[in-house]
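Spelled out, the chains give:
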Amino acid sequence: MKREKAIPSHVAIIMDGNGRWAKQRGKERYEGHLAGVDSVRNVVRAAVRNGVEWLTLYAFSTENWGRPIAEVEAIMQLFCKTVVGEGDELARQGVRVKIMGERTHFSPSVIEMIERIENTTSAGDKLTLVLAFNYSSRREIMLAAQSLAQRVASGEMGVEDINEEALSASLMTANIPDPDFIIRTSGECRLSNFLLWQASYAEFYFPETLWPDFDEEAFDRALEVYAERDRRYGLVTED
Ligand code: FPP
């Protein structure tokens, strides 16, 4: 009997290579990010078409604040404009949007925009699109440790209640399943502070393609790569 192709329930992507894509064309870095938004649209469409249930995109890391101010502002504006402009189309496709990251740095208007898109798309039942924005995994784990310590100190829980489940539930990804498949485009092979705890049993894929060139076909090819993987979770498989 032919085995059904394994589709990852949760795909997480580090969208890398926008700057190099722009440089290769003699353009400003901003134009690379602008072209990267088209890839976001294409990948969301391909994820829905393939029956992927969760798609997490690393859009802005906490470390990205250290980039030149003009680039930071350009990414912020692009992110807000895209998120606001695409709300209806995403809702039409059955996509629910969640923004994951610390909201403390954001202006009231950005926070309002985040809440608006989360509300407009809340009924989406095909794909949950998690946009990691002002996210850093070490900080997420540190904040979870602080919150557990506070709960122990207040007597709400005991030290012995701190287990993997409690820690997972204290992360920003509480209620989000761990990623099955992590893709980083542009040939770089590192995690860069992305989903460090959650990636424990994920499969990894590092295509050379720069993010603005990562289209629906590239996403389909990535799923073919995933389907060939043998996931063992530390166990052994029968031949
Ligand atoms: C990495 O490429 C890309 C980013 C840091 C920004 C990604 C942001 C977007 C695609 C725009 C908004 C996103 C959404 C979800 C609407 P890089 O600049 O590090 O590339 P390089 O390594 O070639 O310099």
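Description of the structure in this document. (Residues numbered from 1 in each chain as written. Predicted model: local features only at pLDDT ≥ 70, side-chain atom pairs only at ≥ 80, totals over all residues. Heavy atoms only, no water.)

### Digging into the site of the ligand
Stage number 1. Neighbouring the ligand are 15 residues; Asp-16, Gly-19, Arg-20, Arg-29 and Arg-67 lie closest to it.
Stage number 2. Arg-20 is positioned such that a nitrogen or oxygen atom in its backbone is 2.7 Å from an oxygen atom of the ligand.
Stage number 3. Within the contact set of the ligand, an oxygen atom lies 2.7 Å away from a side-chain nitrogen or oxygen of Arg-29.
Stage number 4. Its free accessible area being 630 Å², the ligand has 91% of it covered by the protein chains.
Stage number 5. Elements supplying a minimum of two residues to the shell around the ligand: α1 (18-24), α2 (29-50) and α3 (69-92).
Stage number 6. The residue inventory of the shell around the ligand, partitioned by class, reads five nonpolar, six polar and four charged. (Near = heavy atom within 4 Å. Polar contact = N/O pair within 3.5 Å; in protein donor to acceptor, adjacent residues only side chain to side chain. Areas by Shrake-Rupley, 256 points an atom, 1.4 Å probe, with all protein chains shown as cover. Helix = DSSP H or I, 4+ residues; strand = E, 2+ residues; numbered from the N terminus. Nonpolar A, V, L, I, M, F, W, Y, C, P; charged D, E, K, R; others polar.)

### Re a nonpolar patch on the surface
Stage number 1. The grouping of Tyr-201, Tyr-233 and Leu-235 at the surface amounts to a nonpolar patch, some 370 Å² of accessible area in total.
Stage number 2. With respect to the secondary-structure elements, Tyr-201 resides in the loop between β5 (181-184) and β6 (203-205). (Patch = residues over 30% accessible without salt bridge, like charges linked within 9 Å, V, L, I, M, F, W, Y side chains within 5 Å. Salt bridge = Lys/Arg side-chain N within 4 Å of Asp/Glu carboxyl O.)

### Here we look at the side chain of Thr-185
Stage number 1. With respect to the helices and strands, the residue Thr-185 is situated in the loop between β5 and β6.
Stage number 2. Classification of Thr-185 as buried rests on a relative accessible area of 0%.
Stage number 3. Of the polar contacts made by the side chain of Thr-185, one reaches the backbone oxygen of Asp-16; its length is 2.7 Å.
Stage number 4. Ignoring any residue separated from it by four or fewer positions in sequence, one finds Thr-185 in contact with Ile-14, Met-15, Asp-16, Pro-207, Thr-209, Leu-210, Trp-211 and Phe-214. (Buried < 20%, exposed > 50% of the residue type's maximum accessible area, 1.4 Å probe, protein only. Contact = heavy atoms within 4.5 Å.)

### Some thoughts on the packing of aromatic side chains
Stage number 1. According to the stated counting rule, one finds twelve aromatic pairs in the structure shown.
Stage number 2. Ring centres of Tyr-58 and Phe-194 lie 4.4 Å apart, and the angle between their planes is 15 degrees; this geometry places the pair in the stacked category. Of this pair, Tyr-58 sits in strand β2 (residues 54-61) while Phe-194 sits in the loop between β5 and β6, placing them 136 residues apart in sequence.
Stage number 3. The exposure class assigned to Phe-194 is buried, which follows from its relative accessible area of 0%.
Stage number 4. Summarising the aromatic geometry, the rings of Phe-181 and Tyr-205 are spaced 6.0 Å apart at their centres and angled 15 degrees between planes, so their arrangement reads as stacked. With Phe-181 in strand β5 and Tyr-205 in strand β6, this residue pair connects regions lying 24 residues apart in the sequence. (Phe/Tyr/Trp six-rings, centres within 6.5 Å; stacked < 30°, edge-to-face > 60°.)

### Topic: the nonpolar core
Side chains that are nonpolar tend, in soluble globular proteins, to be buried together.
Stage number 1. Formed by 41 residues in total, the largest nonpolar core has its most connected members in Val-11, Ile-13, Leu-55 and Phe-219.
Stage number 2. The element that contributes the greatest number of residues to this core is α3, accounting for seven residues.
Stage number 3. The residues contacting Leu-55, other than those within four sequence positions of it, are His-10, Val-11, Ile-13, Val-43, Val-44, Ala-47, Leu-127, Thr-128, Leu-129 and Val-130.
Stage number 4. Of all hydrophobic cores here, the second largest spans 14 residues; its members include Trp-54, Val-130, Ala-132 and Phe-194. (Core = buried A, V, L, I, M, F, W, Y, C linked by side-chain atoms within 4.5 Å.)

### Considering the packing of α2 against helix α7 (residues 216-228)
If you want to describe how two helices pack, look at the angle between their axes and the distance between the axes.
Stage number 1. α7 packs onto α2 with a crossing angle of 45 degrees between their chain directions and a minimal axis gap of 8 Å. What the angle tells us is that α2 and α7 run oblique. α7 is crossed by α2, and the crossing has right-handed handedness. On the side of α2, the interface is formed by Asn-42, Val-43, Arg-45, Ala-46, Ala-47, Arg-49 and Asn-50, while α7 contributes Glu-216, Phe-219, Asp-220 and Leu-223. (Axes fitted to C-alpha atoms, helices over the stretch in contact; angles between N-to-C directions. Parallel < 35°, antiparallel > 145°, perpendicular 65-115°, else oblique. Left-handed = near helix turned anticlockwise from the far one by under 90°.)

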